[in-house]
Amino acid sequence: MRASRRGFLVNAAAACLAPPALARPEPHWIALDTHLDTPANLARPGWDILQRHSFATDLTQVDVPRMRKGGLNGGFWAVYTPQGPLTPEGKMAARDAALLRAAEIREMVAAHPAVFELAFTAEDAQRIAAKGKIIVFQSIENSYPLGDDVTLLRGFYKLGVRMVGPVHFKVNQFGDSATDKPQWNGLSPQGKDLAALANELGMVLDASHASDGVFDQLIALSAAPIICSHSGCRAIHDHPRNLDDARIKTLAAKGGTIQINSYNGYLIDEPPNPDRAKARGALYDTLEHLDAMTPKQAAAAVRAVAQGMAALDRKYPVPRATFDTFMQHVTHALDLVGPDHVGVGADWDGGGGVVGMEDVAALPRITERLVKLGYNDAQLAQFWGGNALRVLKAAHDARKVT
Ligand SMILES: [Zn+2]
């Protein structure tokens, strides 16, 4: 009796000392980014995704502490392959690089099973988030590594890949790129096979980086809604990598979603500067050759690249998009098609990031702004993850089960 009374008093005292309840409860939605280029960092010797890093010192934007801070539950981790020559040797080298990248994603999950979990379906995402773990969907950015045999896509599906984009910066064997001279008038015959196989498997087709022609044909051919995993609005910045209003509406009418990018050159006008581009290319090339280094050497090399980039920015200043610019693209898409067809694919670790939102830790700024604009919790839940998961589920449901 006495003990329980004392217990009551202690609890009452603790309650008095407890901080006042937060004005807003913790978000209850699942926040996903549909284009994480973070796997590119996984091969850096000694780089630990469980540690907090900073863009200023190692040019990374995503790690577990910063994801936790930003409230990001996970996303689509990209198997990205740069576009190389369309030769047998080029395609073979790309195939090997993509398989290695896919293995690195799975190794990350296997090394930290209490932190990450592979996700294959929309239901998996719910289950993994409920456990407080980070959701790891996989996607292919640039199908070039599939070479001349699209059936390799089946192998990637078995590895867990659930989203596929045919092209990157340049035209390839599957179709035209938004940023290259068209060669196929959209998809090539192989590109049409790729789209059909993605549908058959239940993979989401991703039209980011694709030309308008490819976008139109994916919309026409796909049995399921499609996604633009990291794209902006051409009405805000007229760049071929962005979608015009008519196409955003078509995408939404088909049940798809545009996931807004934070890549500087697509958000605002970045006048071409060949000297800067050359110097930047040389610096970034270092990052491709870290594997033979010790962790200490790799860390020093990365630091030198980060310092080199800062010096380059001083020598050749470029206009920098801000958080407000990014939000202009977000709100334009929202005004156009509503919160059931817009989300975030900020291109983290792939060139994304703006002044005021330099890494994933800053993501709550987006929510804060959208709340101010009057979006409610249900709409935010759609925006942050519901739309991407709906598209994933629709692709899965439309698959041809054999
Ligand atoms: Zn990209």
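Note: the structure precedes this text.
Rules and cut-offs
- Every chain begins its residue count from 1, and numbering advances along the sequence as written.
- Given that this is a predicted model, residues contribute local features only at a pLDDT of at least 70 and side-chain atom pairs are listed and counted only at 80 or more, while totals for whole chains, interfaces and linings are drawn from all residues.
- Only hydrogens and water are set aside when side-chain values are computed; all heavy atoms of the structure are taken into account.
- Only runs of H or I of at least four residues qualify as helices and only runs of E of at least two qualify as strands under DSSP, and these elements are numbered from the N terminus.
- For a helix, the expected span equals 1.5 Å multiplied by the residue count minus one.
- Think of it in three bands: with a 1.4 Å probe and only protein chains considered, a residue is buried below 20% of the maximum accessible area for its type, exposed above 50%, and partly exposed in between.
- Contacts are residue-level and defined by heavy atoms, with any inter-residue pair within 4.5 Å sufficient.
- Working definition: a ring pair exists when centres of Phe, Tyr or Trp rings (six-membered ring for Trp) sit within 6.5 Å. Plane angles under 30 degrees give stacked, over 60 give edge-to-face, the rest tilted.
- A positively charged side chain is recorded as over a ring if its NZ (Lys) or CZ (Arg) lies within 6 Å of the ring centre. The angle to the ring normal must also be within 35 degrees.
- For the purpose of counting charges, residues Lys and Arg are taken to be positive, whereas Asp and Glu are taken to be negative. His and the chain ends are not included.
- Put simply, a salt bridge is a Lys or Arg side-chain nitrogen that is within 4 Å of an Asp or Glu carboxyl oxygen.
- Two N or O atoms form a polar contact when they lie within 3.5 Å of each other; inside protein one atom must be a possible hydrogen donor and the other a possible acceptor, and for residues adjacent in sequence the pair counts only when both atoms belong to side chains.
- Because water is not among the atoms used, a metal site may look incomplete, as its donors are only the N, O and S atoms within 2.8 Å, or 3.2 Å for Na, K and Ca.
- What the arc covers is the set of directions going from the helix axis to the C-beta atoms.
- In short, DSSP must find at least two bridges between two strands for them to pair.
- In this analysis an axis means a line fitted to C-alpha atoms, helices contributing only their contacting stretch, and an angle means the value between N-to-C directions, from 0 to 180 degrees.

A. Focus on helix α7 (residues 189-201). Over its 13 residues, α7 runs 19 Å from end to end, which matches the ideal 18 Å to within 8%, given 1.5 Å per residue. Among the residues of α7, Gly 191, Leu 194, Ala 195, Leu 197, Ala 198, Asn 199 and Leu 201 are the ones counted as buried. Of the surrounding secondary structure, the elements contacted by the buried residues of α7 are α6 (152-159), β5 (161-165), β6 (204-205) and α8 (212-221). Remark: Gly 202 follows α7 within two positions and exhibits a positive phi of approximately 90°.

B. Inspection of the packing of aromatic side chains at higher detail. The tally for this structure, following the rule as stated, stands at four aromatic pairs. Judged by centre distance (4.7 Å) and plane angle (15°), the ring pair of Phe 76 and Phe 137 falls under stacked. Remark: Phe 137 occurs in strand β4 (residues 134-141) and Phe 76 occurs in strand β2 (residues 74-80); sequence separation between them is 61 residues. Using a relative accessible area of 1% as the deciding quantity, one classes Phe 76 as buried. What makes Phe 137 buried here is its relative accessible area of 0%. Ring geometry for Phe 383 against Trp 384: centres 5.3 Å apart, planes inclined by 80°, an arrangement best described as edge-to-face. Each member of the pair Phe 383 and Trp 384 is classed as buried. The aromatic ring of Tyr 284 is capped on one face by Arg 280, whose charged end is 4.2 Å from the ring centroid.

C. Looking closely at the side chain of Arg 241. Secondary-structure assignment places Arg 241 in the loop between β7 (227-231) and α9 (245-253). The buried charged residue Arg 241 lacks any salt bridge, with Asp 347 as its nearest oppositely charged partner at 5.1 Å. One polar contact links Arg 241 to Ser 231, side chain to side chain, over a distance of 3.2 Å.

D. Summary view of the coordination of the zinc ion. Coordination sphere of the zinc ion, protein contribution only: Glu 141 (OE), His 209 (NE2) and His 230 (NE2), at 2.0 to 2.2 Å. Mapping the donors of the zinc ion onto the primary sequence gives the spacing E-x67-H-x20-H. In this pair, Glu 141 sits in strand β4 while His 230 sits in strand β7, placing the two residues 89 residues apart along the sequence. Exposure class is identical for Glu 141 and His 230. Each is buried.

E. Just helix α14 (residues 364-372), in detail. Turning to α14, its buried residues number three or more, namely Ile 366, Thr 367 and Leu 370. In an axial view of α14, the angular spread of the buried residues amounts to 95°, which keeps them on one side of the axis. Contacts made by the buried residues of α14 are with α13 (323-337), β9 (342-344) and α15 (377-397). Of the residues one or two after α14, Gly 374 is the one with positive phi, at around 100°.

F. Spatial organisation of the sheet that holds β7. Strand order across the open sheet formed by three strands is β7-β8-β9, with parallel pairing between neighbours. The two strands at the open ends of the sheet, each matched to only one other strand, are β7 and β9. For this sheet, the mean angle separating the axes of adjacent strands, direction not counted, is 25°. Alignment of strand β8 (residues 257-260) against β9, held across three bridges, turns out to be parallel. Considered in β9, the bridge of Ile 258 is made with Val 342.

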